[in-house]
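Residue-level structural notes
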Amino acid sequence: MRLKVSRKAHFNAAHRLYRKDWNDEKNRAVFGKCSNPHYHGHNYDLIVSVTGEIDPETGFVIDLKILKNLVQQEIEEHLDHKNLNIEVPEFKDLNPTVENIAVVIYNRLKPHLLKFDLEVVLYETPRNFVTYRGE
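Residues numbered from 1 in each chain as written. Predicted model: local features only at pLDDT ≥ 70, side-chain atom pairs only at ≥ 80, totals over all residues. Heavy atoms only, no water.

Quick look at the layout of surface pockets
Over the atoms rolls a probe the size of a water molecule, and its path tells where empty space is left. Rule in force here: Grid points spaced at 1 Å and placed over the protein atoms alone form the basis of the search, with a cavity being a set where a 1.4 Å probe fits but cannot get out and a pocket an open set showing protein on both sides within 12 Å along at least five of seven lines. Lining residues have an atom within 4 Å of a point. Grid points are joined across faces, edges and corners, and a volume is the space filled by probe spheres set on the points. Just so you know the grouping, Ala, Val, Leu, Ile, Met, Phe, Trp, Tyr, Cys and Pro go in nonpolar, Asp, Glu, Lys and Arg go in charged, and all remaining residues, Gly too, go in polar.
The calculated volume of the largest pocket comes to roughly 160 Å³. Surrounding the largest pocket, Arg16, Tyr18, Arg19, Lys20, Asn85, Phe91, Lys92, Asp93, Leu94, Asn95 and Pro96 form its lining. Taken together, the residues that form the lining of the largest pocket break down as four nonpolar, two polar and five charged.

Here's what the structure looks like:
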């Protein structure tokens with residue numbers, strides 16, 4: 001029997017969507033107001049889910065304290081109240097779209113959760129979100 005266990009988290013971050021190799025006009029045409037050179041921010045909501053077997057000794061798929069601490073250390077401390085373009089090394093040469101942020105989150109968590117299937121759902125706004133399962 002496999003179950004999915006989830007943990008919600010939240011972080012605030014600023015970013016600018018743009019490509020360095022494009023001029024401002026093309027960046028504005030493609031990314032609109034999200035290409036503001038002075039950046040803009042979001043209140044991101046994150047759901048991290050792991051799927052696995054129930055441990056017969058503990059009754060857990062994963063101890064949620066472990067998942068809570070992992071998300072806090074690897075994601076919230078790394079991204080919260082940061083300018084993603086400037087302060088987060090993963091985005092030095094990677095456009096911080098919600099899609100790319102979700103992949104970065106997955107890649108930071110997966111090495112700690114190898115025995116589980118991992119799913120990351122990242123809400124950039126209440127109506128815009130992505131789901132990534134490492135596929």
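Moving on, there is more to tell.
Comments concerning unusual backbone geometry
Defined as follows: Strands are runs of DSSP state E lasting at least two residues, helices are runs of H or I lasting at least four, and both sets are numbered from the N terminus onward. Note on classification: 1.4 Å probe, protein chains only; a residue is buried when its accessible area is under 20% of the maximum for its type, exposed when over 50%, partly exposed between these limits.
Of note, Tyr39 is a non-glycine position whose phi angle comes to about 75°, a positive value. Relative to the helices and strands, Tyr39 resides in the loop between α1 (24-31) and β2 (40-53). Of note, the phi angle at His81 is positive, near 55°, even though the residue is not glycine. Looking at the secondary structure, you find His81 in the loop between α2 (64-79) and β3 (82-83). Exposure remark for His81: the relative accessible area of 60% places this residue in the exposed category.

So, the sheet that holds β2
Heads up, the condition is: Strand pairing is assigned whenever DSSP detects at least two bridges linking the two strands. Pairs of residues are marked as contacts when any of their non-hydrogen atoms sit within 4.5 Å. Between N-to-C directions, angles span 0 to 180 degrees; the directions come from axes that are lines fitted to C-alpha atoms, helices contributing only their stretch in contact.
Strands sit in the order β3-β1-β2-β4-β5 across an open sheet of five strands; the sheet is mixed. With one partner strand each, in any of the chains shown, β3 and β5 (129-132) form the two edges of the open sheet. Strand direction decides the pairing type here: β2 and strand β4 (residues 117-123), joined by seven bridges, are antiparallel. Its bridge partner lying in β4, Ile47 is registered against Val121. Contacting β1 (2-15), β2 and β3, α2 crosses the sheet at an angle of about 20° to β1. Helix-sheet contacts for helix α4 (residues 98-109) involve β1, β2, β4 and β5, and the interaxial angle to β4 is about 145°.

Coordinates in, geometry out; function isn't part of it.
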